[in-house]
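The chain contents come next:
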Amino acid sequence: MNHAPPNASGPLSGYRVLELGSTVAGPFCGRLFADFGAEVIKVEPAEGDAVRMMGKSYEGQSLYAASILRNKSLVSLNLRSEEGREIVRRLVKECDVVIENFRPGALEKWGLGYDALSEINPSLIMVRISGFGQNGPYSERAGYGVIGEAVSGLRHVTGDPDRPPSRAAVSLTDCVTGLYAAFGAVMALLHQKKSGVGQLIDASLYESAFSFMEPHVPAYEKLGFIANRAGSKLPDSTPNNLYSSGDGSHIHITAMGNAVFQRLAEAMGQAHLATHPDYAEARARSLNSDALDKLISDWTQSLPLTELEQRLESAGVPATRIFTMEDIFHDAHFKARDMLLEVPHDTLGTVTVAGVVPKLSVTPGRVYSSGGAVGRDTTRVLSEIAGMSKDEIDRLGSQGIVFQSEDRHSKQAQTS
């Protein structure tokens, strides 16, 4: 299978990105570039990126890596060796963007910090993702996404009020930070196009999570109000909660606007609620949220889930059951929107991955291949982009400085 990037038509086609990041935030940022046409060169050690150890595997293949490393050229280098770092410098000359999420100061010790790399390529844009940013008293702390959530206050407001703080069962803040980082890099590319000047993007996990605490910042400054966990409801937005159905399922209903609440009241057969002084206006509904939730819950528990969904949809009230992944795979809307893509995989034949977001009408993103073996594209990338000869690549391979996927097959054949 030819893994050279095709002549992409996405809005980022023509740009080349060197991804030195690991685990989730850096690779997610790189994946966004790759989805929209950039040529992304993913660098990882011989043992593979840590993300390959996360999530489920099938026939020895990481399914998470199949998605987050999609559309990328996979190169394996030993960055702890000077010759491995020199290859990075050669690649940087040919790249527009570098993505990294090492602890602040780590790349400087290797001579690969922004100052050093921008001397090689003055128009370079460097995306630096870290737990706490590149400066400040916490900058040298180790940090993962969930640590950033805890420091940001976001973890404090997640879960039920009578239980310890909870979390989403995904690397939420890593992905949010990767998204902010990609957004920053694209803004920098726009500036670079006008000025020819590169710049540094400093994206931290805790700040990315903290940005979601937006409504609670002025509320504390002016009122001293400290937000707490609220379970499935959204405080000061009523009704906006999860309710039980008559057949033991659940439905989430969001009807905080006056017009929508009127439609909900009519669907419930209780149109008078829309003019009741306790519920007629949004502020009043929030002040009386417990009583209103009880009225709505009594109604939802009198009907099965499918009938609730039908009535509320007909009434124009935003509501839904809580989808599982099984529901998603059988859902016509996900299919119609190309949100489940079956793409080629080196050894599994095909694998289904999440689709591209957002949808662009003229220059849409696309997925043409999944992630594959460590070092799959080492030889091609070092030859075509770094300008290295096959003999040089083979020598570095024998010294453990570069790793080619064919080396693994060779070693397996020798030991079998």
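Above this text sits the structure in question.
No experiment lies behind these values; they were computed from the predicted model shown. (Residues numbered from 1 in each chain as written. Predicted model: local features only at pLDDT ≥ 70, side-chain atom pairs only at ≥ 80, totals over all residues. Heavy atoms only, no water.)

A. Fine view of the overall build of the protein chain. Helix and strand counts for the protein chain stand at 18 helices and 14 strands. A burial count over the protein chain gives 45% of its 416 residues as buried. The long-range share in the protein chain, meaning contacts at least 24 apart out of those at least 6 apart in sequence, stands at 69%. Surface exposure of the protein chain reaches about 21,300 Å², of which carbon and sulfur atoms provide 54%. With 40 positive and 49 negative side-chain charges, the protein chain shows a separation of 2 Å between the mean positions of the two kinds. (Helix = DSSP H or I, 4+ residues; strand = E, 2+ residues; numbered from the N terminus. Buried < 20%, exposed > 50% of the residue type's maximum accessible area, 1.4 Å probe, protein only. Contact = heavy atoms within 4.5 Å. Areas by Shrake-Rupley, 256 points an atom, 1.4 Å probe, with all protein chains shown as cover. Lys, Arg positive; Asp, Glu negative; His and termini not counted. Charge placed at Lys NZ, Arg CZ, Asp CG, Glu CD.)

B. Inspection of the side chain of D377 at higher detail. If you trace the backbone, D377 turns up in the loop between β13 (349-354) and α16 (378-384). Polar contacts involving the side chain of D377 include one to the side chain of R376, which spans 3.1 Å. (Polar contact = N/O pair within 3.5 Å; in protein donor to acceptor, adjacent residues only side chain to side chain.)

C. Spatial organisation of the sheet that holds strand β2 (residues 39-44). The strand order across the open sheet formed by 7 strands is β8-β7-β6-β1-β2-β5-β14, and the pairing between neighbours is mixed. Each edge of the open sheet carries a strand with a single partner, namely β8 (200-204) and β14 (402-403). (Pairing = 2+ DSSP bridges.)

D. Structural context of the packing of helix α10 (residues 258-267) against helix α13 (residues 305-315). Relative to each other, α10 and α13 sit at 135°, their axes nearing to 9 Å. If you check the angle between α10 and α13, you find them oblique. Like other packed secondary-structure pairs, α10 and α13 cross with a definite hand, here right-handed. Counted together, R263, L264 and A267 of α10 and R311, L312 and A315 of α13 form the full contact between these two elements. (Axes fitted to C-alpha atoms, helices over the stretch in contact; angles between N-to-C directions. Parallel < 35°, antiparallel > 145°, perpendicular 65-115°, else oblique. Left-handed = near helix turned anticlockwise from the far one by under 90°.)

E. Main features of a nonpolar patch on the surface. Taken together, the side chains of Y138, Y144, I147 and V151 make up a nonpolar region of the molecular surface, amounting to roughly 390 Å² of accessible area. In this structure, Y144 sits in the loop between β7 (125-130) and α6 (145-152). In this structure Y144 comes out as exposed when scored by relative accessible area, which is 57%. (Patch = residues over 30% accessible without salt bridge, like charges linked within 9 Å, V, L, I, M, F, W, Y side chains within 5 Å. Salt bridge = Lys/Arg side-chain N within 4 Å of Asp/Glu carboxyl O.)

F. Fine view of the nonpolar core. The biggest cluster of nonpolar side chains holds 37 residues, and the ones touching the most others in it are V17, C29, F33, V97, I99, V127 and I129. Of all the secondary structure elements, the ones that give two or more residues to this core are α1 (25-35), α2 (63-68), β6 (97-100), β7, α7 (172-195), β8, β12 (340-345) and β13. Top element by residues in this core is α1. It accounts for 6 residues. Look past the residues within four positions of I99 in its chain and what remains in contact with it is V17, L18, E19, L20, G21, G26, C29, G30, F33 and V127. (Core = buried A, V, L, I, M, F, W, Y, C linked by side-chain atoms within 4.5 Å.)

G. View of the packing of aromatic side chains. Tallied over the entire structure, the rule returns 4 aromatic pairs. Ring centres of F132 and Y138 lie 5.7 Å apart, and the angle between their planes is 85°; this geometry places the pair in the edge-to-face category. Given the relative accessible area of 5%, F132 is considered buried. We classify Y138 as partly exposed; its relative accessible area is 38%. Each residue in the set F132, Y138 and Y206 is aromatic and connected to the rest through ring pairs, giving one cluster. The ring of F132 carries the charged tip of R141 above its face, separated from the ring centre by 5.9 Å. Lying over the aromatic face of Y138, R141 brings its terminal NZ or CZ to 3.8 Å of the ring centre. (Phe/Tyr/Trp six-rings, centres within 6.5 Å; stacked < 30°, edge-to-face > 60°. Lys NZ or Arg CZ within 6 Å of the ring centre and 35° of its normal.)

H. Structural view of the pattern of salt bridges. Summed over all chains, the structure comprises 25 salt bridges. Across the pair E86 and R89 runs a salt bridge whose closest N-O atoms are separated by 3.1 Å. Pair noted here: E86 and R89 are both in helix α3 (residues 82-92), with a separation of 3 residues, about one helical turn. The residue R311 makes a salt bridge to E307 at a minimum N-O spacing of 2.8 Å. Residue R311 and its partner E307 are both found in helix α13; the two are separated by 4 residues, about one turn of the helix. A residue is classified by how much of its surface remains accessible, and R311, at 34% relative accessible area, is partly exposed.

I. Geometry of the sheet that holds strand β11 (residues 319-321). Strand order in the open sheet formed by 3 strands is β9-β10-β11, and the pairing between neighbours is antiparallel. Two strands lie at the open edges of the sheet, namely β9 (240-244) and β11, each paired on one side alone. Along the sheet, successive strands turn relative to each other by an average axial angle of 25°, direction set aside. Judged from the 3 bridges that link them, strand β10 (residues 250-254) and β11 form a sheet pairing that is antiparallel. Looking at β11, one finds that I253 is bridged to A319. Where helix α12 (residues 289-300) meets the sheet, its contacts fall on β9 and β10, and the angle it forms with β9 comes to roughly 35°.

J. Highlighting the pairing of β13. Where β12 lies against β13, 6 bridges are found, and the strand directions are antiparallel. Note on β13: the bridge partner recorded for L341 is V353. Hairpin connection, β12 to β13: the antiparallel pair is bridged by 3 residues.

K. Just unusual backbone geometry, in detail. T238 connects to P239 through a cis peptide bond whose omega is -5°. Residue P358 is reached from V357 by a cis peptide bond, and omega for that bond is -5°. The residue P358 is located in the loop between β13 and α16 in this model. Of note, N71 is a non-glycine position whose phi angle comes to about 65°, a positive value. Note on placement: N71 falls in the loop between α2 and β5 (72-77). For N71, a relative accessible area of 1% corresponds to the buried category.

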